[in-house]
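Here is how the chains run, residue by residue.
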Amino acid sequence: MKFKRHLFLVSLIVVLIICLKNQNAETNWNPSSHPSSFQTLESSSSSQLDEQSFPTSPFTFRDSKIEAPTHFESLRYDYYRETCPQAEQIVRSTVRNLYNTRPSIAPQLLRLVFHDCFVQGCDASVLLDPANGIESEKAAIPNLLLKGDDVIDIIKSELEEVCPLVVSCADIIVLAARESVILVGGPFYPLTTGRKDSTVAYLQIANQLPAPTDDIPKILSKFSSKGFKEWEVVSLLGSHSTGVIHCHFFSDRLGGTKEPDPSLDSEFLNQLRSKCNASQTAPSPSHEDPAITMDYKGPRNGFGTIYYQSLLQGKGILFSDQQLTEAEETAEWVEAYASDTKLFRLKFCRSMMKLSTIGVLNATQGMVRLNCRRVA
């Protein structure tokens with residue numbers, strides 16, 4: 001038993017070192033020295049960085065000297081070890097059980113973490129309903145089709161039965177998003193916990209979220225305001241490897257009353273027109289709006305890599321995605337990730353960990369909500 005425990009800890013430290021100790025190599029790595037032509041590389045099992053390679057029990061860092069990649073003292077690994085040791089396992093099992101019957105929850109939860117953390121930080125403000133003077137972020141234009149809050153409700157309910165008023169909604173969001181990444185074929189990445197929930201929402205700021213119609217200067221500006229470098233921007237947008245996108249988000253690229261977007265591959269343009277009926281007036285945002293799948297070769301196939309290869313072929317579905325090839329500082333990373341799956345997974349791992357520590361609230365700044373939709 002002791003041997004297994006020691007083996008588990010050694011394995012865990014190895015994956016942490018891979019994800020957290022490559023900063024110097026990442027900083028000095030020059031994408032221009034990478035081959036510009038891309039090829040599909042099959043990831044070996046050793047490069048997957050998948051939680052499935054480890055025991056299914058919650059990760060514990062009690063014997064590890066490795067520090068979390070954050071300046072927030074309130075965050076640490078295995079934060080709930082004493083107060084709710086089953087917390088991460090409950091999140092994991094609940095997400096996976098729901099995914100078995102509702103695979104659409106994976107991209108929904110991944111999108112939810114972006115929309116939460118980009119607006120004043122990872123504080124679960126995106127979940128608040130309008131009440132008692134709160135202007136809900138759900139009313140923001142970028143959030144009108146945002147889903148996944150019902151999944152967070154289910155997870156929270158499970159946790160409240162075991163550990164009442166202990167696990168924050170903010171932690172649930174980031175943990176659930178990580179499980180979603182794994183389920184769609186992405187890498188496992190370690191997460192610190194200890195976030196607290198906001199008591200306010202930020203409707204006006206939520207309206208300034210990155211948009212599918214943003215050009216590359218606007219994209220870089222918005223991400224830079226959150227402290228992200230070019231390679232991190234390109235890494236994070238690799239999450240567009242999964243889910244669906246409704247046609248009205250890109251219908252203006254397909255022509256009709258004006259010329260189609262010249263950056264679109266002509267054959268791909270015709271495919272999109274056929275699926276979206278682009279000759280008709282673009283519909284209003286609704287669940288009936290036609291949609292295109294983002295995982296080009298099916299779930300769990302080529303997470304990230306296929307997306308970048310598609311951009312190099314002029315087959316980016318969203319204007320903002322295709323714009324990554326329009327600036328030298330981002331195009332180099334698109335080429336690098338298109339040809340090197342392991343490199344992308346390492347960079348994505350690092351970028352998601354950084355995203356998950358934006359604007360974290362501690363106990364004096366926030367609270368643990370009983371209901372993720374209300375301040376109570």
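Residues numbered from 1 in each chain as written. Predicted model: local features only at pLDDT ≥ 70, side-chain atom pairs only at ≥ 80, totals over all residues. Heavy atoms only, no water.

Colleague: Let's hear about the pattern of salt bridges: which residues, and what values?
Modeller: Taken as a whole and judged by the stated rule, the model has 16 salt bridges. Note that Arg195 is salt-bridged to Asp171, the shortest N-O span being 2.7 Å. Taken together, the residues Arg195 in the loop between α6 (169–183) and α7 (203–206) and Asp171 in helix α6 connect sequence positions 24 residues apart. Asp171 shares its class with Arg195; the two are buried. Between Glu179 and Arg178 there is a salt bridge, with the nearest N and O atoms lying 3.6 Å from each other. Exposure class is identical for Glu179 and Arg178. Each is buried. Each of Glu88, Arg92, Arg96, Arg178 and Glu179 takes part in a single network of salt bridges with overlapping partners. (Salt bridge = Lys/Arg side-chain N within 4 Å of Asp/Glu carboxyl O. Helix = DSSP H or I, 4+ residues; strand = E, 2+ residues; numbered from the N terminus. Buried < 20%, exposed > 50% of the residue type's maximum accessible area, 1.4 Å probe, protein only.)

Colleague: Kindly report on the packing of helix α13 (residues 328–339) against helix α14 (residues 341–355), identifying the contributing residues and their values.
Modeller: Two elements in contact, α13 and α14, have axes whose closest approach is 5 Å; the angle formed by their N-to-C orientations is 115 degrees. Counting all contacts with α13, which are made through Trp333, Ala336, Tyr337 and Ser339, the residues of α14 involved are Thr341, Leu343, Phe344 and Lys347. Class assignment for the residues of the contact of α13 with α14 results in 5 nonpolar, 2 polar and 1 charged. (Axes fitted to C-alpha atoms, helices over the stretch in contact; angles between N-to-C directions. Contact = heavy atoms within 4.5 Å. Nonpolar A, V, L, I, M, F, W, Y, C, P; charged D, E, K, R; others polar.)

Colleague: Explain the side chain of Lys222 residue by residue, including any values.
Modeller: Tracing the backbone shows Lys222 in helix α8 (residues 216–224). Within the structure, Lys222 has its side chain in polar contact with the backbone oxygen of Leu209 (distance 3.1 Å). (Polar contact = N/O pair within 3.5 Å; in protein donor to acceptor, adjacent residues only side chain to side chain.)

Colleague: Outline the state of the cysteines, supporting the account with residue identities and numerical values.
Modeller: Each disulfide is one covalent bond, formed between the sulfur atoms of two cysteines. Tallied over the full model, the rule gives 4 disulfides. Shown here is the disulfide that connects Cys117 with Cys122, its sulfur atoms set 2.0 Å apart. The disulfide joining Cys117 to Cys122 has a torsion of about 120 degrees about its S-S bond and is therefore right-handed. Given a relative accessible area of 0%, Cys122 falls into the buried group. A sulfur-sulfur distance of 2.0 Å marks the disulfide that ties Cys247 to Cys276. In this structure, the disulfide formed by Cys247 and Cys276 twists by about -70 degrees around the S-S bond and is classed as left-handed. Here Cys276 lies in helix α10 (residues 266–276) and Cys247 lies in the loop between β1 (244–246) and α10, a separation of 29 residues in the sequence. Here the two residues Cys247 and Cys276 agree in accessibility, since each one is buried. If you count the bonded cysteines of the chain from the N-terminus, they pair up as 1-4, 2-3, 5-8, 6-7. (Disulfide = S-S within 2.5 Å.)

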